[in-house]
Amino acid sequence: MIASAKTLTPLLIRYVLRLGDLSLILGQRLGEWVGHAPALEEDLGLANIALDLIGQARLLLAYAAELEDRGRGEDDIAFLRQQEEYLNPTLVEQPNGDFGDTIVRQVLIDAFQLELYDRLRSSADERLAAIAEKALKETRYHWRYSSNWLIRLGDGTEESHARVQSALERLWPYTVELVEEDELDREMADCGIAPPLAELRVAWSKRLDEVLAEATLERPPERPFSWFGKRGEHSEHLGYVLAEMQYLQRSHPGARW
Amino acid sequence: MSAAPADARIEAAWRALASIADPELPPLTLGDLGVIRFVRSRPDGTLEVGLSPTYTGCPATDYIRQRAERALIEAEIGAFSISAVLAPAWTSDWISSEGRRKLHEYGIVPPEPAAPSLQARQLACPRCRSLDTECLSEFGSTPCKALHRCRACLEPFEVFKCI
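Residues numbered from 1 in each chain as written. Chains lettered and ligands numbered in written order. Predicted model: local features only at pLDDT ≥ 70, side-chain atom pairs only at ≥ 80, totals over all residues.

**Concerning the overall build of chain B**
Secondary structure assignment for chain B yields 4 helices and 7 strands. Listing the helices and strands of chain B from first to last along the sequence gives α-α-β-β-α-β-α-β-β-β-β. Counting only C-alpha atoms and orienting by the principal axes, one finds that chain B spans roughly 60 × 25 × 25 Å. Among the 163 residues that make up chain B, the fraction classed as buried is 37%. A separation of at least 24 residues holds for 54% of the contacts in chain B among residues at least 6 apart in sequence. (Helix = DSSP H or I, 4+ residues; strand = E, 2+ residues; numbered from the N terminus. Buried ≥ 20, exposed ≤ 12 C-beta atoms within 10 Å, placed from the backbone. Contact = placed C-beta atoms within 7 Å.)

**A few points about the packing of helix 2 (residues 40-68) of chain A against helix 5 (residues 126-154) of chain A**
Residue and element names in this part refer to chain A. For the pair helix 2 and helix 5, the least separation of the axes is 11 Å and the interaxial angle reads 165°. With respect to each other, helix 2 and helix 5 are oriented roughly antiparallel. Here helix 2 runs over helix 5; the crossing is left-handed. For the pair helix 2 and helix 5, contact is made by Gly45, Ile49, Asp52, Gln56, Leu59, Leu60 and Tyr63 and by Arg127, Ile131, Ala135, Glu138, His142 and Tyr145, respectively. Across the contact of helix 2 with helix 5, the residue classes tally to 7 nonpolar, 3 polar and 3 charged. (Axes fitted to C-alpha atoms, helices over the stretch in contact; angles between N-to-C directions. Parallel < 35°, antiparallel > 145°, perpendicular 65-115°, else oblique. Left-handed = near helix turned anticlockwise from the far one by under 90°. Nonpolar A, V, L, I, M, F, W, Y, C, P; charged D, E, K, R; others polar.)

**Notes on the pairing of strand 6 (residues 145-150) of chain B**
Residue and element names in this part refer to chain B. Taken together, the 4 bridges between strand 5 (residues 133-137) and strand 6 define a ladder with antiparallel strand orientation. Counted as the bridge partner of Ser137 is Leu147 from strand 6. Two strands pair when backbone bridges link them, and strand 6 and strand 7 (residues 156-160) are joined in this way by 5 bridges, in the antiparallel orientation. Paired with Leu147 across the bridge in strand 7 is Glu158. Counting the residues that bridge the hairpin from strand 6 to strand 7 gives 5 residues, and of these Leu154 lies at a positive phi of roughly 65°. (Pairing = 2+ DSSP bridges.)

**Examining the interface of chain B and chain A**
Taken together, the contact pairs 15 residues of chain B with 21 residues of chain A. Of the residues that constitute the side of chain B that touches chain A, the class distribution is 10 nonpolar, 4 polar and 1 charged.

**Focus on the sheet that holds strand 1 (residues 36-41) of chain B**
All names here are of chain B. As summarised here, the arrangement of the 3 strands in space is 1-2-3, forming an open sheet in which the pairing is mixed. Of all the strands in the sheet, just strand 1 and strand 3 (80-84) have a single pairing partner and so form its edges. Averaged over all adjacent pairs, the angle separating strand axes in this sheet is 15°, with direction ignored. Here strand 1 pairs with strand 2 (residues 47-51) via 5 bridges, running antiparallel. Residue pairing in the sheet places Val39 in a bridge with Val49 of strand 2. On the sheet, helix 1 (residues 6-18) packs against strand 1, strand 2 and strand 3 and is oriented at approximately 155° with respect to strand 1.

**Some remarks on the nonpolar core**
Grouped together as the largest cluster of nonpolar side chains are 106 residues, with contacts concentrated most on Leu60 of chain A together with Ala13 of chain B. The element contributing the most residues to this core is helix 2 of chain A, with 15 residues. The residues contacting Leu60 of chain A, other than those within four sequence positions of it, are Val16, Leu19, Gly20, Ser23 and Ile131 of chain A. (Core = buried A, V, L, I, M, F, W, Y, C linked by C-beta atoms within 7 Å.)

**Structural notes on the sheet that holds strand 6 of chain B**
Strands sit in the order 4-7-6-5 (chain B) across an open sheet of 4 strands; the sheet is mixed. A strand with exactly one partner marks an edge of an open sheet, and here the two such strands are strand 4 (108-109) and strand 5 of chain B.

**Some words on the pairing of strand 3 of chain B**
Residue and element names in this part refer to chain B. Sheet topology places strand 2 next to strand 3; 5 bridges connect them, and they run parallel. The residue of strand 3 that forms the bridge with Gly50 is Ser83. Taken together, strand 2, helix 3 (residues 60-74) and strand 3 form a β-α-β motif whose crossover is right-handed. (Right-handed = clockwise from strand over helix to strand, strands pointing away.)

**Examining the environment of Asn48 of chain A**
Structurally, Asn48 of chain A can be placed in helix 2. Sequence spacing of Asn48 of chain A and Leu153 of chain A is 105 residues, and the spatial spacing of their C-alpha atoms is 21 Å. Here Asn48 of chain A is in contact with Phe139 and Pro143 of chain B, once residues within four sequence places are set aside.

**Quick word on helix 10 (residues 238-251) of chain A**
An ideal rise of 1.5 Å per residue puts 20 Å on 14 residues; helix 10 of chain A measures up with 19 Å between its terminal C-alpha atoms. The largest bend along helix 10 of chain A reaches roughly 45° and is located at Met245 of chain A. (Expected span 1.5 Å × (residues − 1). Bend = angle between axes of the 7 residues up to and from the residue.)

**Brief notes about the domain arrangement of chain B**
All names here are of chain B. The assigned domain composition of chain B is domain 1 (6-90) and domain 2 (95-160). Taken over C-alpha atoms, the centre of domain 1 sits 27 Å from the centre of domain 2. Broken down by class, the residue content of the side of domain 1 that touches domain 2 amounts to 5 nonpolar, 3 polar and 2 charged. (Domains from an automatic or database assignment.)

**Looking at the environment of Asp21 of chain A**
All names here are of chain A. Assignment of secondary structure puts Asp21 in helix 1 (residues 5-31). Distance from Asp21 to Lys230, taken between C-alpha atoms, is 9.0 Å for residues 209 residues apart in sequence. Those residues in contact with Asp21 that sit more than four places away from it in its chain are Tyr86, Leu87 and Asn88.

**Notes on the confidence of the model for chain B**
All names here are of chain B. Per-residue pLDDT for chain B averages 88, and the proportion of residues at 70 or more is 92%. For chain B, strand 5 is the element with the lowest average pLDDT, namely 89, and strand 2 is the one with the highest, namely 96. Interface predicted TM-score (ipTM) for the complex: 0.79; the corresponding pTM is 0.90. (pLDDT = per-residue confidence, 0-100.)

**Let's talk about helix 9 (residues 197-214) of chain A**
Residue and element names in this part refer to chain A. Between its first and last C-alpha, helix 9 extends 26 Å over 18 residues, near the 26 Å set by a 1.5 Å rise per residue. Looking at the buried positions of helix 9, the neighbouring elements they touch are helix 4 (99-120) and helix 7 (176-179). Positioned one or two residues after helix 9, Thr216 has a phi angle of 55°, which is positive.

Right, here's the structure in full:
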């Protein structure tokens, strides 16, 4: 059913929060690598991707704040919500693990964001279309970085191959919710705001198959079970991410740079 | 000051904005970067200024905005408002030829207009001009740059990314 203008705004806010929280939480996770990556170039690479993602999160959360019009700003939304109010997919809150785990998580998300932003450019919502246009350019660099690394690790040594294959199997179940449509996705697609997820799923899947083949990795079998971080039902890991991320704003309310 | 004709105020605002130096790339000005989208006058006399962010997460974006506010106050052009313009998205193609020349002089390889892929092009070392160079990292010290190395003179150098 197509929502009327009055009921549409709360739905649109939830959808924008899904996109913004994905970027925010993944950016926060990648930031944990600063000073710990295996080489200086990778330290810079992961930090740069984190910076882009936090930039995207700012644009999206500021938009959500304007839409809800309750006097909250992007910082309030980013730092002062409770866990169940975060609508990021569960995949992005998973721990960094080793460099291979991080790269696998990144490939899965970059492929998703690439296909999503590409289609969101023609969204009926002009603001989302503009943000997607901007973010797509950056995401192309992220994808090139993560997919090149996946190929090097997958088609590398026995050890690196085994590690990324096992990371892929561990993280794969979390991808179900990324491309599985729920009611909100359907409402957004019906209004022309978001692309239909079924179509996005095909493109995402094809993109992944190509890179997995080149990386000599095997695509794990599908399992029916799914997480639903995008509905606010998170894994045990998000609480720890939030504790670190929110510490400053909770301890010193209203602190500014 | 708002008694001055709108055209003169718009021109003064452009001049003030265009000469602001980029905090990370001091030889480049906002004019060289091509981030000033518009300066126009509203019916109530307020000047509207539109700036394009280069990278969404670039920490220089907030700084540039603050510098722009200060420059406009100092230029005494009267009431103004600054907004970020996302669409059309900023592209490195908007860097002026003067800006490209300055980048090169500063030791940073400028972005090639509409280059399809960073890997596809063979870049010349900005110091010794050798074409025997390699990409060390697609991500450099700031969001807009990649890190390369010259195999002839062994010096590392930065490349402005094409987006």
